[in-house]
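Inside the fold
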Amino acid sequence: MQANIVLLPGDGIGPEVVAEAVRALEAVASLFGHSFVFTERLMGGCSIDTFGTSLTDETLADCQAADAVLLGAVGGPKWDDPAAKDRPERGLLALRKGLGVFANLRPVKVHPALIDSSPLKPEKLHGVDILVIRELTGGLYFGWPKGRDVKDGRERAVDTLEYYDYEIRRVLELAFRLAAGRKKKVTSVDKANVLESSRLWRQIAIQVGAQHPEITLEHVLVDTAAMRLITGPAWMDVVVTENMFGDILTDEASVLAGSMGMLPSASLGANGPGLYEPIHGSAPDIAGKGIANPIGTILSAAMLLRHSLSLETEAATLEQAVAQAIHDGCRTADLGGSLTTRQMTDEIIHHMRNAER
Ligand code: IPM
Ligand code: MG
């Protein structure tokens, strides 16, 4: 097949890890006889520097017209001025909104060989295989009103946690569909004891759950969910939650996998291209050194193959090659090893070429 993939390497280590994921995708293309056409665009801090805005209309249009978008990371100290009109992160949020990718899939699996890389006790980590589905285009990130003003002589800041029923329903429906192909259990995370938006969330979760009697639905308050992720992560399967709860819980969950550098994500909408990115940030402290872990981005590329191009065998082959490389002891610095970004990718490509198919 032929596919058009827009690359948004972004800032910091973004360009280094995206370059390696492209090499992995090219290896997949040559092994399976596909042709992927890559178009690179600026987004984030690098776009502010070049175009004066974190996301140009042209770049958004190119992304909308693509089959899929692969992103590295955005942000860095250079653009951290709180008074700045634009920020790298704004470009990312505008891109998510502009692509309508309301469901952010963040799988968290613990590779047996990495159990000792996590600060958690090994017995907590066996069998951990969680799929967090984070609502991505609503909630506190986008609610209105938002901003600063002066009220009663005091400076005030406002963010609004806003959800429409249809925004909650569509992400919950996806969670139940995906749970049907897994352990048939959905954990819906909210703060229904305090927040009105969470009470609507829970009400809709119950409605959607009623249409899927074969799937067990449990409601867990977000503070309890944060605790359970550490005390009993093996009991969680599909976890679905609103935007900011999901942002926080997935950073926490990444600790289970041994390193934030391991975790991929896929952001999907009703139709149109998916957006694929590692969950880690731009890591300015190690940028340019060639030592970043490329696995989060390579596994994001595997999700791209699966969800946007329907290439399940290719996706699984790439994932197995990553697992095999980890099994064989390949480690970048974040995992206590000394492989460079490029060497880690070489190992993965090597395993893919040698895999029996
Ligand atoms: C993430 C990041 C982003 C978010 C930032 C960079 C805006 O933390 O993808 O998890 O909060 O969504
Ligand atoms: Mg985050």
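This text goes with the structure placed above it.
One structure accompanies this document, and this report is about it. (Residues numbered from 1 in each chain as written. Chains lettered and ligands numbered in written order. Predicted model: local features only at pLDDT ≥ 70, side-chain atom pairs only at ≥ 80, totals over all residues. Heavy atoms only, no water.)

**Details of the side chain of His-34**
- As for its placement among the helices and strands, His-34 is situated in the loop between helix H1 (14–32) and strand E2 (35–40).
- Of the residues examined, His-34 reaches a relative accessible area of 16% and is grouped as buried.
- Of the polar contacts made by the side chain of His-34, one reaches the side chain of Glu-314; its length is 2.7 Å. (Helix = DSSP H or I, 4+ residues; strand = E, 2+ residues; numbered from the N terminus. Buried < 20%, exposed > 50% of the residue type's maximum accessible area, 1.4 Å probe, protein only. Polar contact = N/O pair within 3.5 Å; in protein donor to acceptor, adjacent residues only side chain to side chain.)

**A word on the pairing of strand E6 (residues 147–151)**
- Where E6 lies against strand E7 (residues 154–158), five bridges are found, and the strand directions are antiparallel. Directly across from Asp-149, in E7, lies its bridge partner Arg-156.
- Hairpin connection, E6 to E7: the antiparallel pair is bridged by two residues, and Asp-152 has positive phi, about 50°. (Pairing = 2+ DSSP bridges.)

**Regarding helix H11 (residues 312–327)**
- For H11, spanning 16 residues, the distance from its first C-alpha to its last is 22 Å, which sits close to the expected 22 Å at 1.5 Å a residue.
- Those residues of H11 that fall on the buried side of the exposure criterion are Glu-314, Ala-315, Ala-316, Thr-317, Leu-318, Ala-321, Val-322, Ala-325 and Ile-326.
- Residues of H11 that are buried sit in contact with H1, helix H10 (295–307) and helix H12 (341–354).
- Gly-329 lies just past H11 and shows a positive phi near 95°. (Expected span 1.5 Å × (residues − 1). Contact = heavy atoms within 4.5 Å.)

**Structural notes on the sheet that holds strand E11 (residues 266–268)**
- Sheet architecture is open: ten strands sit in the order E2-E1-E3-E12-E11-E4-E5-E10-E8-E9, paired in mixed fashion. Two strands bound the open sheet, and with one partner strand each, they are E2 and strand E9 (216–221). On average, adjacent strands in this sheet sit at an angle of 25° to one another, irrespective of strand direction.
- Pairing geometry for strand E1 (residues 2–10) and E2, over six bridges, is parallel. Residue pairing across strands places Leu-7 opposite Glu-40, the latter belonging to E2.
- Along the sheet, helix H7 (residues 196–210) makes contact with strand E5 (129–135), strand E8 (185–190), E9 and strand E10 (238–241), crossing E9 at roughly 170°.
- Against the sheet, helix H8 (residues 222–231) contacts E5, E8 and E9, and its axis sits at roughly 100° relative to E9. (Axes fitted to C-alpha atoms, helices over the stretch in contact; angles between N-to-C directions.)

**Quick word on the site of ligand 1**
- Surveying the vicinity of ligand 1 reveals the residues Glu-89, Arg-96, Arg-106, Arg-134, Tyr-141 and Asp-247.
- Arg-106 has a polar side-chain atom sitting 3.0 Å from an oxygen atom of ligand 1.
- Arg-134 has a polar side-chain atom sitting 2.8 Å from an oxygen atom of ligand 1.
- Summarising the interface, the protein chains cover 76% of the accessible area of ligand 1, which totals 320 Å² for the free molecule.
- When each cavity is represented as a set of grid points, ligand 1 is found to reside in the second largest pocket.
- Residue composition of the shell around ligand 1, by class: one nonpolar, no polar and five charged. (Near = heavy atom within 4 Å. Areas by Shrake-Rupley, 256 points an atom, 1.4 Å probe, with all protein chains shown as cover. 1 Å grid on protein atoms, 1.4 Å probe; cavity = no way out; pocket = protein on both sides within 12 Å on 5 of 7 lines; lining within 4 Å. Sits in = over half its atoms within 2 Å of the grid points. Nonpolar A, V, L, I, M, F, W, Y, C, P; charged D, E, K, R; others polar.)

**As for the pattern of salt bridges**
- Considering all chains together, one arrives at 22 salt bridges under this definition.
- In this structure, Arg-23 engages Asp-346 in a salt bridge whose closest nitrogen and oxygen atoms are separated by 2.9 Å. Pair noted here: Arg-23 is in helix H1 and Asp-346 is in helix H12, with a separation of 323 residues, a long-range link.
- Judged by relative accessible area, Asp-346 falls into the partly exposed class, the value being 34%.
- Taking the shortest distance from any N to any O, the salt bridge between Asp-247 and Arg-134 comes out at 3.6 Å. Of this pair, Asp-247 sits in helix H9 (residues 243–254) while Arg-134 sits in strand E5, and the two are 113 residues apart along the sequence.
- On the accessibility criterion, Asp-247 (24% relative accessible area) is partly exposed.
- For Arg-134, a relative accessible area of 1% corresponds to the buried category.
- Look at the salt bridges and you will find they share partners, linking Asp-129, Arg-182, Lys-183 and Asp-237 into a network. (Salt bridge = Lys/Arg side-chain N within 4 Å of Asp/Glu carboxyl O.)

**Let's talk about H12**
- Compared with the 20 Å implied by 1.5 Å per residue over 14 residues, the 20 Å span of H12 between its first and last C-alpha is a close match.
- All of the buried residues along H12 are Thr-341, Met-344, Thr-345, Ile-348, Ile-349, His-351 and Met-352. Taken end-on, H12 shows its buried residues confined to a sector of 160°, consistent with a single buried face. In H12, the exposed residues that point more than 90 degrees away from the buried face are Arg-353 and Asn-354.
- Where H12 is buried, its residues contact H1, H10 and H11. (Arc of directions from axis to C-beta.)

**Observations concerning empty space enclosed by the protein**
- Counted by the stated rule, this structure contains two cavities of 30 Å³ or more.
- Each pocket or cavity is described by its volume, and for the largest cavity that value is around 50 Å³.
- If you go around the largest cavity, the residues you meet are Leu-161, Tyr-163, Val-189, Asp-190, Leu-195, Ser-197, Ser-198, Trp-201, Glu-242 and Phe-245.
- Counting only elements with at least two residues in the lining of the largest cavity, the list comes to E8 and H7.
- Here the lining of the largest cavity takes three residues from H7, the largest share from any one element.
- Broken down by class, the residue content of the lining of the largest cavity amounts to six nonpolar, two polar and two charged.
- As for the second largest cavity, its lining consists of Val-132, Ala-225, Leu-229, Met-236, Val-239 and Leu-249.
- Here the lining of the second largest cavity is built from residues that sort into six nonpolar, no polar and no charged. (Points joined across faces, edges and corners; volume = space filled by probe spheres on them.)

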